[in-house]
Number of protein chains: 2
Amino acid sequence: MMGHYYIGADIGGTTVKLAIIEDNGTITKKWEIPTNTDNQGEAIPSDIASSITNTLKEEAIDTSMVVGIGAGAPGFVDTTTGYIHEAVNIGWKDIDFGNLLKELTGMTVWVDNDANLAALGENWLGAGRGCTELIAVTLGTGVGGGIIANGQILNGANGTAAELGHVTVVPEGGAPCNCGKTGCLETVSSATGIVRKAKEAAEKHPESKLNALLNDATLTSKDVFEASKHGDEAAKGVIAEITDVLGMAIANMAIAINPEKIVIGGGVSKAGDLLLDPLEKAYRKYALPRTAEASSFGIAELGNDAGVIGGAFLVKKNN
Amino acid sequence: MMGHYYIGADIGGTTVKLAIIEDNGTITKKWEIPTNTDNQGEAIPSDIASSITNTLKEEAIDTSMVVGIGAGAPGFVDTTTGYIHEAVNIGWKDIDFGNLLKELTGMTVWVDNDANLAALGENWLGAGRGCTELIAVTLGTGVGGGIIANGQILNGANGTAAELGHVTVVPEGGAPCNCGKTGCLETVSSATGIVRKAKEAAEKHPESKLNALLNDATLTSKDVFEASKHGDEAAKGVIAEITDVLGMAIANMAIAINPEKIVIGGGVSKAGDLLLDPLEKAYRKYALPRTAEASSFGIAELGNDAGVIGGAFLVKKNN
């Protein structure tokens, strides 16, 4: 162990989140740069490298004090080499990102999928602290996932492990998913899925609060939880359906992993107990009793920092 | 590494399979003893110990030449201590089996779930040879499972990982399962489930071959595959249904694990391509395309030896 700092980089579709993190998890410095997706995102590696190099200079931290960079990208990553097969949102395809960033910075680099790093962050300092077995589910525009088993991230044979959003929950006649399949979990229990279900419910129930909201403005998943909280039956029906489906999908995943903790993050998780209570009830209905006994639910604690903290932990675990 | 031999022990409801295995996987000696389930199976540990000790003497192998014993039991195992919480078929509840066998034999002992050891056996010398990520499914009276990820068996937080038979495949109104839930995979795609489905189909189709078989004798899952092979529509419908359900369950599991290989074993797997062809087709329909790309199917190769070979490999991996 030569240095005392870890760099976390969380590459998203609009910004790259960056942080300098100490061995105990303290964030020394946190900043963002825009993600330049022009020309298949070709400038991103050098943008990240120069931003890191400049910030270290500003902070008077010599690169010899940095153990390494842990970077997360939204796509399929070969974690042994840092090669990225595809990261649709930022335009990358077949980029040797890990080696590129290493050359540009002179630092050691580890790369993983962004959802996996968020899981790792929660595993180090958040709601899944210290768990050897952990399932992290991110409910946002889509549904992301990260799994820790035997204390290690699951990456799988070609970087698609823990893609929980693409578990099939509607075998026949489900809605089309971006992945090319139909009936994926993401089509039901993401923010987008909740809004789609709510629109269907609003049409069926013209008297509902949901229908009034739909006519007033753009309906969001938050509105659906709010309407449900205020007793609107149509909204309650939507929440019951999406939590039942999600609870079953997580229970089935838990039968593979037998986790100690299930951490729910992403924008939809801001609904808190309005989401967690029916979700946990559904989970316990579908999980093997002994599996259910071993596990508890929690809302993700690190918010937007989960990725950079996970990046730092990835470096720490490899040293 | 002091010795050159590994002992595998596979404890089943009627017999305990035992073997002395060399470092390269060669089986030096293989034998069985009856499982004495009297008095909650209290004699089993000493029966195993004396049988191992006596056989080593007969084979003129000094215990100093034995690296350790790897034992599999059909139940929930704490693999760090070898403590068995429950193994219903052999009557065990709260047995400190690992330490007991260690005291009785003077050898180092590792214990795991029997389905996990079968997966490990196939991973060492069988259809899943050398895979870092592997899902093994055993289709017998029930449905068992074992998962290897990052090169390690998944045991989970309390020994229920990879209990694939209890994935919920029928959310509402499914058949009752031994585990206390309803609609588990085991109620559909096990030998028992296939026969149950075939009886339903036979009643609906009095003209079917299935119905004739049902009246003639005890219907088995093998009969259903045979009738399907000979073009009986009712039987073909049953096979189509049970492989569709199994294919979806495996695809959903594969979305967590992203395996290189899926190994199908157990009595039902003797149907070979009659099972594998429709199963693989269903799997590819439900799996994420990139996940499907990474994976292939195979029939388990080690038969009844998988457990003892897996036991030996468990010792080998820990040394």
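Above this text you will find the structure in question.
Quick look at the structure, then. Just so it is clear, the structure is predicted and the values come from calculations on it, not from any experiment.

The next subject is the environment of Asn258(B). With respect to the secondary-structure elements, Asn258(B) resides in the loop between α9 (233–257) and β12 (261–265). Overall, Asn258(B) belongs to the buried group, its relative accessible area being 0%. Expressed as a C-alpha distance, the spacing of Asn258(B) and Ser295(B), which sit 37 residues apart in the sequence, is 7.7 Å. Among residues more than four places away in sequence, those in contact with Asn258(B) are Asn155(A), Gly156(A), Ala157(A), Asn158(A), Gly159(A), Thr160(A), Ala161(A), Glu133(B), Thr291(B) and Ala294(B). There is a polar contact of 2.9 Å between the side chain of Asn258(B) and the backbone nitrogen of Asn158(A).

Residues and elements named next belong to chain A. Viewed as axis vectors pointing N to C, helix α6 (residues 191–204) and helix α8 (residues 221–229) meet at an angle of 55 degrees, and their least axial separation amounts to 8 Å. Relative to α8, α6 is oriented oblique. Listed contacts from α8 to Ala191, Ile194, Val195 and Ala198 of α6 are Ser221, Val224 and Phe225. Split into classes, the residues belonging to the contact of α6 with α8 amount to 6 nonpolar, 1 polar and no charged.

Core analysis: the biggest nonpolar cluster contains 104 residues, and Leu210(A), Ile264(A), Leu210(B) and Ile264(B) have the highest contact counts within it. Not counting chain neighbours up to four residues away, the residues in contact with Ile264(A) comprise Val137(A), Leu139(A), Ile250(A), Ser269(A), Leu275(A), Leu276(A), Leu279(A), Phe297(A), Gly298(A), Ile299(A) and Ala300(A).

Our next topic: the sheet that holds strand β9 (residues 134–139) of chain A. All names here are of chain A. Taken together, 5 strands build an open sheet; the order of strands is β11-β10-β9-β12-β13 and the sheet is mixed. Every interior strand has two partners, whereas the edge strands, β11 (152–153) and β13 (296–299), have only one. Where β9 lies against strand β12 (residues 261–265), 5 bridges are found, and the strand directions are parallel. Looking across to β12, one finds that Ala136 is bridged to Val263. Where helix α10 (residues 273–286) meets the sheet, it contacts β9, β12 and β13, and its direction lies at approximately 155 degrees from that of β13.

All names here are of chain A. Counting buried residues along β9, 5 of its 6 residues qualify, which places the element largely inside the surrounding structure. Alignment of β9 against strand β10 (residues 143–149), held across 6 bridges, turns out to be antiparallel. Its bridge partner lying in β10, Thr138 is registered against Gly144. Hairpin connection of β9 to β10: 3 residues between the antiparallel strands.

What follows covers the pattern of salt bridges. All names here are of chain B. Evaluation of the coordinates by the stated rule reveals 20 salt bridges over all chains. Linking Arg196 and Glu200 is a salt bridge whose minimum nitrogen-to-oxygen distance equals 3.1 Å. Residue Arg196 and its partner Glu200 are both found in helix α6 (residues 191–204); the two are separated by 4 residues, about one turn of the helix. Judged by its relative accessible area of 29%, Arg196 falls in the partly exposed class. Taking the relative accessible area as the measure of exposure, Glu200 reaches 36% and is therefore partly exposed.

Definitions and cut-offs
Residues numbered from 1 in each chain as written. Chains lettered and ligands numbered in written order. Predicted model: local features only at pLDDT ≥ 70, side-chain atom pairs only at ≥ 80, totals over all residues. Heavy atoms only, no water. Helix = DSSP H or I, 4+ residues; strand = E, 2+ residues; numbered from the N terminus. Buried < 20%, exposed > 50% of the residue type's maximum accessible area, 1.4 Å probe, protein only. Contact = heavy atoms within 4.5 Å. Polar contact = N/O pair within 3.5 Å; in protein donor to acceptor, adjacent residues only side chain to side chain. Axes fitted to C-alpha atoms, helices over the stretch in contact; angles between N-to-C directions. Parallel < 35°, antiparallel > 145°, perpendicular 65-115°, else oblique. Nonpolar A, V, L, I, M, F, W, Y, C, P; charged D, E, K, R; others polar. Core = buried A, V, L, I, M, F, W, Y, C linked by side-chain atoms within 4.5 Å. Pairing = 2+ DSSP bridges. Salt bridge = Lys/Arg side-chain N within 4 Å of Asp/Glu carboxyl O.

Such coordinate-based values are descriptive only and should not be taken to indicate function.
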